[in-house]
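Letter by letter, the chains look like this.
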Amino acid sequence: MRFFLNFDTSKLSEEKVDVLVCGSGIAGLTTAITLRELGLKPVILTRGMGNTYYSQGGIACAVHPQDSPLLHFIDTYKAGRGLCHEMALRVLVDEGIQCISHLERWGVKFDTKDGLYETTLEGGHSFPRVLKVKDYTGRAIYQALLKKAQSLEIPIITGELQEILAYDGVKGVLYYDGSLKFLRVKALVLATGGAASIFLHTSNPVKVRGDAIGIALRCAVDIKNPEFVQFHPTVVEGTNLLISEAVRGEGALLVDDKGERFVNELEPRDTVARAIYNKLKEGKRVFLDMRPIKGGEKYLQERFPTIVEFLEKMGLDPRRDLIPVVPAAHYFIGGMEVDLYGRTQIFGLYAVGECACSGVHGANRLASNSLLEGVVFGHRVAHRIYHDIKYFSFSASHFKSEREAFLKPPYSFDHLRKLMWDACGLEREEGELLQAIEILKSWLKDMEKWEDTIQNRELLDITLVALSTLKASLSRRESRGVHYRRDYPYEREELRRDSLVKLEELLGL
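Residues numbered from 1 in each chain as written. Predicted model: local features only at pLDDT ≥ 70, side-chain atom pairs only at ≥ 80, totals over all residues. Heavy atoms only, no water.

An unreviewed UniProt entry annotates the protein as L-aspartate oxidase originating from Hydrogenobacter thermophilus. As its UniProt record puts it under Cofactor (unreviewed entry), the protein is described as follows: "FAD". In its Catalytic activity (unreviewed entry) section, UniProt records this for the protein: "L-aspartate + O2 = iminosuccinate + H2O2". (UniProt positions renumbered as here; feature names shortened; annotations may be inferred.)

Structure representation (structure tokens):
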């Protein structure tokens, strides 16, 4: 199914945009700002605040004279369990240094002391290289970049991407802002975030659904490594608020309900998350003890004001109380297959940030590398488009899609999320994956006849991403990074390669 919605562009409101950037996180805003500074005229389409805004910890970069990009490279490669793409990773750690300068030039003010960066240590890093703005780094970056985009008079449309019109290259998009509208575009950049919200327990905000990955998949863009989903170890029990890794970097401890430590808190996230998960499976609870953080109560309040405020609203005082935590789906490492400049298989379609798979994270994202990836590759995508756009032109054609549409889907988004949590969560097994795939296929059996509503389109595209995740998880008969198979609890050298999910294989066409 190339298109889900029924439409006729000749009957829709129409505009022309040279470059449309879908998404207003660090990747989308960096791309749009850089394009504008290069003299192009981008437009941003956004649902609103996404994961960048809610990012607490910081942005990793080897800016200290005693640190080096090589050390950053080694730490990232080690966490990625040998699956990181070396060229992409070299780009990340080397070009990250100049991109931090761009962020500051655009108005981001990182924490400093005596004129020097006040960096911190997070799990998996061998050096305290994480730049921060207290415990709301993402919010500070988002606000600074949004202000910069507004000062450059970059138009921002509030709406949701519905369809990509791609015939021998991108010709336009349909988006919804209360009514369906048509934009002719020369180039399209997807910076729409990840798909961790396909799981029952997640740290992602409700608006970040990952459905744009499904839209691209329907256009025959291949999805790479979707089995690698990172679960954040410390999300406050009963909420979607994560407690930053930086808290453990500053000395917080993980204890069980007997008050005993059971894991090295600074191990990579997959190790820590599974250790907590196994305690929970034993019927025990796990708590984060923030009292050992050095500097006293005043430092705790100054360093982590957002976390302290949220916990106090819940009736918890981190200066005295243990904080109950659980793992939750946090970061979608896989995504649309792209090259080092964000190009997909479709001429004129680019992807950047969490919705793309640049290869820098391998099988497990190192803490605070995702914001760096967004700014580094957003910058590169913009420069690639600056050259490519000379070869693009607006289509003069109109487009139409008609199909029978009268059935209601036999399941809901909540059904999907529970299925994914149970069958494809922190631990996976062949039988459970096979059963989940058959359930999804049965749910999708009559998708060609689903009512063509916005809600049903979104459900279909999210389900396609979930099915990709299940199929890749089934094929990877090993445990590597965040992908853990109970029936294959070891790495296999012959499987140290990427997974690639194609539309025709996914649907058995």
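Next, the rest of the story.
Caption draft 1: Structural view of the environment of serine 412. Here serine 412 lies in the loop between β20 (400-401) and α12 (413-424). Residue classification places serine 412 among the partly exposed residues on the basis of a relative accessible area of 28%. Along the sequence, serine 412 and asparagine 456 sit 44 residues apart, while their C-alpha atoms lie 9.4 Å from each other. (Helix = DSSP H or I, 4+ residues; strand = E, 2+ residues; numbered from the N terminus. Buried < 20%, exposed > 50% of the residue type's maximum accessible area, 1.4 Å probe, protein only.)

Caption draft 2: Structural context of a nonpolar patch on the surface. Taken together, Leu70, Leu71 and Ile74 make up a surface patch of nonpolar side chains, about 240 Å² in accessible area. By the element assignment, leucine 70 lies in helix α3 (residues 69-79). (Patch = residues over 30% accessible without salt bridge, like charges linked within 9 Å, V, L, I, M, F, W, Y side chains within 5 Å. Areas by Shrake-Rupley, 256 points an atom, 1.4 Å probe, with all protein chains shown as cover. Salt bridge = Lys/Arg side-chain N within 4 Å of Asp/Glu carboxyl O.)

Caption draft 3: Here's a closer look at the sheet that holds strand β19 (residues 356-357). Judged by pairing direction, the sheet is mixed, and its four strands sit side by side in the order β19-β17-β12-β21 without closing on themselves. The open sheet has two edge strands, β19 and β21 (500-501), and neither has a second partner. One ladder, built from two bridges, connects strand β12 (residues 223-224) with β21; its direction is antiparallel. Among the inter-strand pairings, lysine 224 is bridged to a residue of β21, identified as leucine 500. (Pairing = 2+ DSSP bridges.)

Caption draft 4: Fine view of unusual backbone geometry. Located in the positive-phi region is alanine 220, a residue other than glycine, with phi close to 75°. Structurally, the position occupied by alanine 220 is in the loop between α6 (211-218) and β12. The class for alanine 220 is partly exposed, based on a relative accessible area of 41%. Unlike most non-glycine residues, serine 368 shows phi in positive territory, near 70°. Exposure remark for serine 368: the relative accessible area of 6% places this residue in the buried category.

Caption draft 5: Representation of the sheet that holds strand β13 (residues 229-236). Overall, antiparallel pairing links the four strands, which are arranged β13-β16-β15-β14 in an open sheet. Both edges of this open sheet fall to β13 and β14 (253-256), since each of them pairs with a single strand only. Strand-to-strand, the axes of this sheet are offset by a mean angle of 50°, without reference to chain direction. Pairing between β13 and strand β16 (residues 323-332): six bridges, direction antiparallel. Directly across from histidine 232, in β16, lies its bridge partner alanine 328. (Axes fitted to C-alpha atoms, helices over the stretch in contact; angles between N-to-C directions.)

Caption draft 6: Inspection of the nonpolar core at higher detail. Counting residues in hydrophobic clusters, the biggest one holds 80 residues, and the most contacted among them are Leu20, Leu161, Leu188, Leu190, Phe199, Met336 and Leu416. Broken down by element, the residue count for this core peaks at 11 residues, all from helix α14 (residues 454-475). Among all residues touching leucine 416, those that are not within four sequence positions of it are Ile198, Tyr411, Leu440, Trp443, Ile462, Thr463 and Ala466. Among the nonpolar cores identified, the runner-up in size contains 51 residues, and Leu35, Leu89, Leu92 and Ala144 belong to it. (Core = buried A, V, L, I, M, F, W, Y, C linked by side-chain atoms within 4.5 Å. Contact = heavy atoms within 4.5 Å.)

Caption draft 7: The arrangement of α3 in detail. Of the positions making up α3, those classed as buried are His72, Phe73, Asp75, Thr76 and Ala79. When α3 is viewed along its axis, its buried side chains cluster within an angular range of 170° and face the same direction. Where the residues of α3 are buried, they touch β4 (59-60), α4 (86-105) and α11 (369-388). Of the residues trailing α3, arginine 81 is marked for its positive phi of about 55°. (Arc of directions from axis to C-beta.)

Caption draft 8: Seen up close, the pattern of salt bridges. Applying the stated criterion across every chain, the model contains 46 salt bridges. A salt bridge links arginine 477 to glutamate 430; the shortest N-O distance between them is 2.6 Å. Pair noted here: arginine 477 is in the loop between α14 and β21 and glutamate 430 is in helix α13 (residues 430-444), with a separation of 47 residues, a long-range link. For arginine 477, a relative accessible area of 28% gives the class partly exposed.

Caption draft 9: Representation of the packing of α3 against α4 within the structure. Contact geometry for α3 and α4: axes closest at 9 Å, N-to-C directions at 135°. As summarised for this structure, α3 and α4 are arranged oblique, according to the angle between their axes. When the axes of α3 and α4 are compared, the crossing they make is right-handed. Mapping the contact onto sequence places Pro69, Leu70, His72, Phe73, Thr76 and Tyr77 in α3 and Glu86, Leu89, Arg90, Val93, Asp94 and Ile97 in α4. Here the contact of α3 with α4 is composed, by residue class, of seven nonpolar, two polar and three charged. (Parallel < 35°, antiparallel > 145°, perpendicular 65-115°, else oblique. Left-handed = near helix turned anticlockwise from the far one by under 90°. Nonpolar A, V, L, I, M, F, W, Y, C, P; charged D, E, K, R; others polar.)

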